[in-house]
Amino acid sequence: QVQLVESGGGLVQAGGSLRLSCVASGRTFSFDDMGWFRQAPGKEREFVAAVRWIGSNYYADSVKGRFTISRENAKNTMFLQMNSLKPEDTGVYYCGAGRGVGDSYRNSGRYNYWGQGTQVTVSS
């Protein structure tokens, strides 16, 4: 059974840092494109960052320069290092995975598997 599990969320003051993890299980994810999305109350899920299986990274403009996405294929794990956090970064963060996502990495509908989410709250 394929499963994604996020962890690392929490409450942090503005300017602080958090590191999110997403552990995949059930099969190898070395050839999957993977991404982070977030959803604030009353808003739609939005793209945050993606890392393709070939290693290229992509970021939403709102997090570029502050967040870093990475993956360790040997551990079926993806990370999101979040620095200089702002109150507008608050939301539930979800990791997604899918094969062949390609250039549609901003489209949540292209990911086949999702985790349950981890809450990130940034206080001002």
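None of these values were measured; they are calculated from a predicted model. (Residues numbered from 1 in each chain as written. Predicted model: local features only at pLDDT ≥ 70, side-chain atom pairs only at ≥ 80, totals over all residues. Heavy atoms only, no water.)

*Asks:* Just checking my understanding: could you explain unusual backbone geometry for this structure?
*Replies:* Both trends apply: most residues other than glycine have a negative phi, and most peptide bonds are in trans. Positive phi is not limited to glycine here, since Asn76 has a value of about 50°. Along the chain, the position of Asn76 falls in the loop between β7 (67-72) and β8 (77-82). (Helix = DSSP H or I, 4+ residues; strand = E, 2+ residues; numbered from the N terminus.)

*Asks:* What is the right way to read a nonpolar patch on the surface from this model?
*Replies:* Taken together, the side chains of Phe31, Trp53 and Ile54 define a hydrophobic patch exposed on the protein surface, amounting to about 330 Å² of accessible area. You can see Trp53 is positioned in the loop between β5 (46-51) and β6 (57-59). (Patch = residues over 30% accessible without salt bridge, like charges linked within 9 Å, V, L, I, M, F, W, Y side chains within 5 Å. Areas by Shrake-Rupley, 256 points an atom, 1.4 Å probe, with all protein chains shown as cover. Salt bridge = Lys/Arg side-chain N within 4 Å of Asp/Glu carboxyl O.)

*Asks:* Is there a simple way to explain the sheet that holds strand β1 (residues 3-7) in this structure?
*Replies:* Strand pairing in a sheet relies on backbone hydrogen bonds, with the paired strands running either antiparallel or parallel. In space, the 4 strands of this open sheet follow the order β1-β3-β8-β7, with antiparallel pairing throughout. The sheet is open, and its two borders are formed by β1 and β7, each paired with just one other strand. On average, each strand axis in the sheet is inclined to that of its neighbour by 15°, with strand direction left out of account. Pairing analysis gives 5 bridges linking β1 to strand β3 (residues 18-25), with the strands arranged antiparallel. In the sheet register, Glu6 faces β3, and the bridge partner there is Cys22. (Pairing = 2+ DSSP bridges. Axes fitted to C-alpha atoms, helices over the stretch in contact; angles between N-to-C directions.)

*Asks:* Teacher, can you tell me more about the nonpolar core here?
*Replies:* Nonpolar side chains in soluble globular proteins tend to end up buried together. Counting residues in each nonpolar core, the largest one holds 32 residues, and the members touching the most others are Trp36, Leu80, Met82 and Tyr93. Elements supplying a minimum of two residues to this core: β3, β4 (33-39), β5, β7, β8, β9 (91-98) and β11 (118-123). A total of 5 residues in this core trace back to one element, the largest contributor, which is β5. When sequence neighbours within four positions are dropped, the list of residues in contact with Tyr93 reads Glu6, Leu20, Trp36, Phe37, Arg38, Val48, Phe67, Leu80, Met82, Gly117, Thr118 and Val120. (Core = buried A, V, L, I, M, F, W, Y, C linked by side-chain atoms within 4.5 Å. Buried < 20%, exposed > 50% of the residue type's maximum accessible area, 1.4 Å probe, protein only. Contact = heavy atoms within 4.5 Å.)

*Asks:* Please explain the side chain of Asp32 as it appears in this structure.
*Replies:* Looking at the element boundaries, Asp32 is found in the loop between β3 and β4. Residue class for Asp32 comes out buried when judged on its relative accessible area of 0%. A distance of 2.8 Å separates a polar atom in the side chain of Asp32 from a polar atom in the side chain of Arg27. Of note is the side chain of Asp32, whose polar atom sits 3.1 Å from the side chain of Arg99. (Polar contact = N/O pair within 3.5 Å; in protein donor to acceptor, adjacent residues only side chain to side chain.)

Functional significance is not addressed by these values, which are geometric in nature.
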